[in-house]
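# Structural overview
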Amino acid sequence: INTNMFTKSIAILALVASASAFSPAAQPASSTSLYGGVNPNPKASSDAQAQEMGWSGGGEAHTRDPTPVEDEDARKTIPEGESFEEYMKRRAAEQ
């Protein structure tokens, strides 16, 4: 009698375990806001804040169209970039 009871309990346990395999997985809470509510393009309210954010006092990014600068310290020197016409000529020559 004990063997029969053990077999039935194993069968019931197997059915319950297999049924849970077909239940939907729990979904994590999702948010509809992009970037977690952080503005990806913030605007500075003052010159000090702009410099802290990596922007120049004029509101332009430092990397946008820099004017050539010569300085004694080579790390502060900004060389003059090639013009668009020179770039197109170089690109055509590479192809």
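See the structure printed just above.
Just so you know, these numbers come straight off a predicted model, no measurement behind them. (Residues numbered from 1 in each chain as written. Predicted model: local features only at pLDDT ≥ 70, side-chain atom pairs only at ≥ 80, totals over all residues. Heavy atoms only, no water.)

Going through the model one piece at a time under the given rule, you end up with three salt bridges. The shortest N-O distance in the salt bridge between Arg90 and Glu82 comes to 2.8 Å. Close ionic contact of Glu85 with Lys89 constitutes a salt bridge, the shortest N to O distance being 3.5 Å. Taken together, the positions of Glu85 and Lys89, both in helix H3 (residues 84–94) and four residues apart, correspond to about one turn of that helix. Lys89 matches Glu85 in its accessibility class, with the two residues each being exposed. Connected through shared salt-bridge partners, Glu82, Arg90 and Glu94 make up one network. (Salt bridge = Lys/Arg side-chain N within 4 Å of Asp/Glu carboxyl O. Helix = DSSP H or I, 4+ residues; strand = E, 2+ residues; numbered from the N terminus. Buried < 20%, exposed > 50% of the residue type's maximum accessible area, 1.4 Å probe, protein only.)

Inspection of the secondary structure puts Val69 in the loop between helix H2 (47–52) and H3. Sequence separation between Val69 and Glu80 is 11 residues; the distance between their C-alpha atoms is 8.0 Å. Those residues in contact with Val69 that sit more than four places away from it in its chain are Lys76, Thr77 and Ile78. (Contact = heavy atoms within 4.5 Å.)

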